[in-house]
Amino acid sequence: MKNLHSLALGQKENAKHGEVFFPIQKYITRLASDDPVITTHWHEEAELTRITKGSCVYQIDLVEYEAHEGDLLFIPPLLLHSILFGNSEEFYSETYVFHMNFLGGNTTDICSTHYLTPIRNHEFSMPYLITSLHPAYPSLRRCFNQITALYAEERFGYELALKSCLLQALFLLLQYSDRNSSAGSKPSSDKLKIILDYIELHYAEPISVSELAKLCYFSEYHFMRFFKKHMNMTCIQYINNVRLEKSVEQFEHGNTSILEVSLSVGFHNLSYFHRAFKKKYHMTPLSFIKRLE
């Protein structure tokens, strides 16, 4: 039986979505005023999402899209994306994250070479936000409903039907897609990926603004403006967020030494770690550990 996952703040691109032979995972995402953002990230899988309550602003490949209840979103593999809480009391969405290999993306047949591989390489300009006004919406909505039912019921052979539904969804989206004149993501997206990758690898070490700026050949001033524009936070805030999320992972894996965890994720001032943790999670590290127990 599959577990239902909640898409956590700062879900990183190296997260495992589903199983090796069944690379699809369902996520329920909740955002509210106390937890207002899914930070910018990317991964090898594609995403198909329905907004089930409230509104939000999706940023996909550094372009903002305002999404409301009932809207559908498709995010191709490897595109930077984030979610920011909108003007509603609470926000919920239902997302299916799936690897293109599940649909045959690693084969050499015509479906892979003409469609699945080009989608992965961003050779098509595809619709990301599908509202009720979009001509593909009714069919895509029915397709999404089928995916939801199949994933929940797990009837014999449901994996075949899920693959069929996802392929049908891609077919519908391709009817409203054009060939890109140049494949690949934007230069700004590539620079941001380099920065986020570097932080993910070196979060436990001291990281300065100057060294991050050098990675994308910016001045410190230009870099700080660039980062805040696309991430909706400063690079220092982002680094601290990553470190705090890594500390939570360690606590969840049984490490109960607050000092040890603090040092291992890059906080060398214990009182600062306590303040930052409490501000983000509304409880002290010790309270968090006790809740886990």
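So, a few notes on the structure that sits alongside this text. Keep in mind it's a predicted model, so treat the numbers as computed, not measured.

## As for the overall build of the chain
Stage number 1. Counting its secondary structure elements, the chain contains 10 helices and 12 strands.
Stage number 2. Against the globule reference of 19 Å for 293 residues, the chain gives a C-alpha radius of gyration of 20 Å, in line with a compact fold.
Stage number 3. Along the first, second and third principal axes, the C-alpha set of the chain runs to 55 × 45 × 40 Å.
Stage number 4. In the chain, of all internal contacts separated by at least 6 residues, the share reaching a separation of at least 24 is 68%.
Stage number 5. For the chain, the computed accessible surface area is about 14,900 Å², with 54% contributed by carbon and sulfur atoms.

## Overview of helix H7 (residues 235–252)
At 3.6 residues per turn, the α-helix brings residues three or four places apart onto the same side.
Stage number 1. An ideal rise of 1.5 Å per residue puts 26 Å on 18 residues; H7 measures up with 26 Å between its terminal C-alpha atoms.
Stage number 2. Most of H7 sits inside the fold, with 13 of its 18 residues counted as buried.
Stage number 3. One or two residues past the end of H7 sits Gly 254, with phi positive at roughly 100°.

## Quick word on the sheet that holds strand S8 (residues 81–85)
Stage number 1. The strand order across the open sheet built from 4 strands is S3-S8-S5-S6, with neighbouring strands paired in antiparallel fashion. One side of each edge strand has no neighbouring strand; the edge strands of this open sheet are strand S3 (37–41) and strand S6 (63–68). For this sheet the average axis-to-axis angle between neighbouring strands, irrespective of direction, equals 20°.
Stage number 2. Of the strand pairs in this sheet, strand S5 (residues 55–60) and S8 are connected by 5 bridges, and their pairing is antiparallel. In the strand pairing of S8, Tyr 58 is matched with Ile 83.

## Observations regarding the packing of H7 against helix H9 (residues 270–281)
Axis angle and axis distance: for two packed helices, these are the angle between their axes and the distance between the axes, and together they describe the pair.
Stage number 1. Contact pair H7 / H9: the axes reach a minimum separation of 11 Å and the direction vectors enclose 90°. With respect to their mutual orientation, H7 and H9 come out roughly perpendicular. When H7 is examined against H9, the residues Asn 240, Asn 241, Leu 244, Glu 245, Ser 247, Val 248 and Phe 251 are found in contact with a partner set consisting of Tyr 272, Phe 273, Ala 276, Phe 277, Lys 280 and Tyr 281.
Stage number 2. In terms of residue class, the contact of H7 with H9 is made up of 8 nonpolar, 3 polar and 2 charged.

## Digging into the packing of helix H1 (residues 110–120) against helix H3 (residues 158–174)
Stage number 1. At their nearest, the axes of H1 and H3 sit 12 Å apart, and the two run at 80° to each other. The pairing of H1 with H3 is recorded here as roughly perpendicular in orientation. Contact residues: Tyr 115, Leu 116 and Ile 119 in H1; Leu 167, Leu 170 and Leu 174 in H3.
Stage number 2. The residue makeup of the contact of H1 with H3, split by class, is 6 nonpolar, no polar and no charged.

## Some thoughts on the environment of His 274
Stage number 1. Relative to the assigned elements, His 274 resides in helix H9.
Stage number 2. Those residues within four positions of His 274 in sequence are excluded, and the remaining contacts are Ile 258 and Pro 285.

## Some thoughts on H1
Stage number 1. Listing the buried residues of H1 in full gives Ser 112, Leu 116, Pro 118, Ile 119 and Arg 120.
Stage number 2. Buried residues belonging to H1 abut strand S7 (72–75), strand S10 (124–125), H3 and strand S12 (178–179).
Stage number 3. With a side-chain oxygen positioned 3.3 Å from the backbone nitrogen of Cys 111, the residue opening H1 is Asp 109.
Stage number 4. Trailing H1 by a residue or two, His 122 shows a phi angle of about 60°, which is positive.

## Let's talk about the state of the cysteines
Covalently bonding the sulfur atom of one cysteine to the sulfur atom of another cysteine gives a disulfide.
Stage number 1. Enumeration over the complete set of coordinates arrives at 0 disulfides.
Stage number 2. Free of any disulfide, Cys 111 has its nearest neighbouring cysteine sulfur in Cys 143, separated by 15 Å.
Stage number 3. Sulfur of Cys 165: no disulfide; nearest cysteine sulfur belongs to Cys 143 and is 4.8 Å away.

## Overview of the side chain of Asp 71
Stage number 1. Among the structural elements, Asp 71 can be located in the loop between S6 and S7.
Stage number 2. Although Asp 71 is buried, it makes no salt bridge; Arg 141 carries the closest opposite charge, 7.8 Å away.
Stage number 3. In this structure the side chain of Asp 71 is engaged in a polar contact, spanning 2.8 Å, whose partner is the backbone nitrogen of His 68.
Stage number 4. Discounting chain neighbours no more than four positions away, the residues touching Asp 71 are Thr 49, Arg 50, Ile 51, Glu 66, Leu 129, Ile 130, Thr 131 and Ser 132.

What counts as what
- Residues numbered from 1 in each chain as written.
- Predicted model: local features only at pLDDT ≥ 70, side-chain atom pairs only at ≥ 80, totals over all residues.
- Heavy atoms only, no water.
- Helix = DSSP H or I, 4+ residues; strand = E, 2+ residues; numbered from the N terminus.
- Rg over C-alpha atoms; globule rule 2.2 N^0.38 Å.
- Contact = heavy atoms within 4.5 Å.
- Areas by Shrake-Rupley, 256 points an atom, 1.4 Å probe, with all protein chains shown as cover.
- Expected span 1.5 Å × (residues − 1).
- Buried < 20%, exposed > 50% of the residue type's maximum accessible area, 1.4 Å probe, protein only.
- Pairing = 2+ DSSP bridges.
- Axes fitted to C-alpha atoms, helices over the stretch in contact; angles between N-to-C directions.
- Parallel < 35°, antiparallel > 145°, perpendicular 65-115°, else oblique.
- Nonpolar A, V, L, I, M, F, W, Y, C, P; charged D, E, K, R; others polar.
- Polar contact = N/O pair within 3.5 Å; in protein donor to acceptor, adjacent residues only side chain to side chain.
- Disulfide = S-S within 2.5 Å.
- Lys, Arg positive; Asp, Glu negative; His and termini not counted.
- Salt bridge = Lys/Arg side-chain N within 4 Å of Asp/Glu carboxyl O.

In short, geometric facts, not functional conclusions.
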